[in-house]
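# Structural description and commentary
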Amino acid sequence: MKTAKIRLYVEHPLGQGQTIPLSRDQAHYLFGVMRQGAGDLVLLFNGTGGEWRARVAEAGKRGGTLEVQEQTAPQRDPPDLWLLFAPIKKARTDFIVEKAAEMGAARIIPVQTEFTNSERIRQDRLQAHAVEAAEQCGGTYVPEVTDLQKLDTLLSDWPEDRQLMFCDEALAGAGATLRAAGGGAWAILIGPEGGFSEAERARLSALPYAHPVSLGPRILRADTAAVAALSVWQQALGDWA
Ligand code: SAH
């Protein structure tokens, strides 16, 4: 029996017998790039309904339809973890979003800090990277990537029951533990290439829900720091345990 390998995110309800219309891009990808045709099997997920196997019913150049057969995996949501990061150069920002989706962030929030170099992001492109990452890593959940937000504003409206892992390069080398802080809703904050300003550091350190953390004795680039922080958090408080 053929096994389905290609995974596709669709914005459509999934259930046995459902017919899923394909967009032009999806048809191009499935039939043009991946050389699939009528009768072939693919795996689908929509971010909330788990993973389903579907059969190609019609394959065309500009569209096609899939017919949903049966559920192959239940829905699995990541822990309630946000990643806040200051956008850097395009390729490195793309990398951060891709890795955050793979590592199990529930929400990805680009933030503008005092020393953030980039004032604009392409939210739609970043969201597409998160979708692709979920497709390739076997996930059934796609983290939302929000528009760029000012760190200042975000902290003013902060939900008090959400703890903040504040990755502070000024603590490089100092020991700091997360475990003591307990589970529940969390966010990780990674600064820009220029680091945090003294005013930001003072404000962040004074917040009752913030936990200043060191990521070891070396200063990491922001993209490395994001992956390192997600690993540390997942290991101590997340779904790796
Ligand atoms: N230019 C700054 C470094 C910025 S590194 C300097 O030279 O001091 C980018 C971001 O990665 C930092 O804002 C911080 O959030 C994180 N980071 C990098 N290394 C870190 C470390 N050893 N401990 C904690 N956070 C770190």
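Residues numbered from 1 in each chain as written. Predicted model: local features only at pLDDT ≥ 70, side-chain atom pairs only at ≥ 80, totals over all residues. Heavy atoms only, no water.

This next bit is on the environment of valine 111. Secondary-structure assignment places valine 111 in strand β7 (residues 107-112). As a C-alpha pair, valine 111 and isoleucine 188 span 77 residues in sequence and 12 Å in three-dimensional space. Contacts of valine 111, omitting those with residues within four sequence positions, involve Leu84, Phe85, Ala86, Pro87, Thr116, Leu148, Gln149, Leu151, Leu154 and Leu189. (Helix = DSSP H or I, 4+ residues; strand = E, 2+ residues; numbered from the N terminus. Contact = heavy atoms within 4.5 Å.)

This part covers the domain arrangement of the protein chain. We note that the domain assignment places domain 1 (7-73) and domain 2 (81-237) within the protein chain. Of note, the centres of domain 1 and domain 2, computed from C-alpha atoms alone, are 33 Å apart. Listed as interface residues are 8 residues of domain 1 and, on the opposing side, 8 residues of domain 2. With both sides pooled, the region where domain 1 packs onto domain 2 buries about 630 Å², and carbon together with sulfur makes up 62% of that total. (Domains from an automatic or database assignment. Buried area = accessible area lost by both parts, 1.4 Å probe.)

Neighbouring the ligand are 19 residues; Cys167, Glu169, Glu193, Leu215 and Arg218 lie closest to it. In the environment of the ligand, an oxygen atom lies 2.6 Å from a nitrogen or oxygen atom belonging to the backbone of cysteine 167. In isolation the ligand offers 570 Å² of accessible surface; the protein chains occlude 84% of this area. Residue composition of the shell around the ligand, by class: 10 nonpolar, 5 polar and 4 charged. (Near = heavy atom within 4 Å. Polar contact = N/O pair within 3.5 Å; in protein donor to acceptor, adjacent residues only side chain to side chain. Areas by Shrake-Rupley, 256 points an atom, 1.4 Å probe, with all protein chains shown as cover. Nonpolar A, V, L, I, M, F, W, Y, C, P; charged D, E, K, R; others polar.)

Axis separation between helix α2 (residues 90-103) and helix α3 (residues 123-137) bottoms out at 8 Å; the angle between their running directions is 40°. One way to sum up the angle between α2 and α3 is to call them oblique. Note on packing geometry: the crossing formed by α2 with α3 is right-handed. Where α2 abuts α3, its residues Lys90, Thr93, Asp94, Val97, Glu98, Ala101 and Glu102 lie against Arg125, Leu126, His129, Ala130, Ala133, Gln136 and Cys137. When its residues are assigned to classes, the contact of α2 with α3 shows 6 nonpolar, 3 polar and 5 charged. (Axes fitted to C-alpha atoms, helices over the stretch in contact; angles between N-to-C directions. Parallel < 35°, antiparallel > 145°, perpendicular 65-115°, else oblique. Left-handed = near helix turned anticlockwise from the far one by under 90°.)

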